[in-house]
Amino acid sequence: MGDRMVSVRALGYMGIEASDLPRWSSLATGILGLEIGARGADGTLFLQMDDRHHRFAIHPGKDDDLAYN
């Protein structure tokens, strides 16, 4: 695409597998301005940026990668 910027028109939700949930929590709230809306029984962080239950779900795991979108 060269130097052309791509703009996001809509965001449903995104799931990420992460090995360091406390670090994600700090990044999400301190840097990105997201709120922790809820926590799952397995430790999943559900991050909010609007009136939806969540837009990002950060699941505990070892891969540190996109899980789904």
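Just above sits the structure.
Quick notes on the rules
Residues numbered from 1 in each chain as written. Predicted model: local features only at pLDDT ≥ 70, side-chain atom pairs only at ≥ 80, totals over all residues. Heavy atoms only, no water. Helix = DSSP H or I, 4+ residues; strand = E, 2+ residues; numbered from the N terminus. Buried < 20%, exposed > 50% of the residue type's maximum accessible area, 1.4 Å probe, protein only. Contact = heavy atoms within 4.5 Å. Areas by Shrake-Rupley, 256 points an atom, 1.4 Å probe, with all protein chains shown as cover. Pairing = 2+ DSSP bridges. Axes fitted to C-alpha atoms, helices over the stretch in contact; angles between N-to-C directions. Salt bridge = Lys/Arg side-chain N within 4 Å of Asp/Glu carboxyl O. Phe/Tyr/Trp six-rings, centres within 6.5 Å; stacked < 30°, edge-to-face > 60°.

K.L.:
It is not clear to me how the overall build of the chain should be interpreted in this structure. Could you clarify?
P.N.:
If you tally the helices and strands in the chain, you get one helix and five strands. Each helix and strand of the chain, placed in order from N terminus to C terminus, yields the pattern β-α-β-β-β-β. Looking at the chain as a whole, 25% of its 69 residues qualify as buried. Intrachain contacts of the chain at a sequence separation of at least 6 include 46% that bridge at least 24 residues. Just so you have it, the chain exposes about 5,200 Å², and 51% of that area is on carbon and sulfur atoms.

K.L.:
Explanation requested: the pairing of strand β2 (residues 35-39) in the structure shown.
P.N.:
On a regular strand, each side chain points to the face opposite its neighbour's, so the side chains alternate between the two faces of the sheet. Sheet topology note: the β2/strand β3 (residues 45-48) ladder contains four bridges and is antiparallel. Bridge pairing links E35 to Q48 in β3. A loop of five residues connects β2 with β3, the two strands running antiparallel in sequence, and G43 in this loop sits at a positive phi of about 100°.

K.L.:
Help me understand the sheet that holds β2, please; the structure alone is not making it clear to me.
P.N.:
Whether parallel or antiparallel, the strands of a sheet pair through hydrogen bonds between backbone atoms. Ordered by their spatial adjacency, five strands build an open sheet running β2-β3-β4-β1-β5, and the pairing between neighbours is mixed. Whereas interior strands pair on both sides, the edge strands pair on one side only; in this sheet they are β2 and β5 (65-68). Adjacent strand axes in the sheet meet at a mean angle of 30° when their direction is disregarded. Where β3 and strand β4 (residues 56-60) come together, three bridges link them in antiparallel fashion. What sits directly across from L47, in β4, is F56.

K.L.:
Sorry if this is basic, but what is going on with the pattern of salt bridges here?
P.N.:
As a working rule, side chains carrying opposite charge can pair if their charged atoms are close by. This structure, assessed with the given rule, holds two salt bridges. Of the charged contacts, one joins D50 and R55 as a salt bridge, the two residues approaching to 2.8 Å between their closest N and O atoms.

K.L.:
When you look at the packing of aromatic side chains in this model, what are you seeing that I'm missing?
P.N.:
Each pair of aromatic rings is reported with the distance of its centres and the angle of its planes. According to the stated counting rule, one finds one aromatic pair in the structure shown. The interplanar angle of 65° and the centroid separation of 6.0 Å between the aromatic rings of Y13 and Y68 together place this pair among those described as edge-to-face. Of this pair, Y13 sits in the segment before β1 (14-18) while Y68 sits in strand β5, and the two are 55 residues apart along the sequence.

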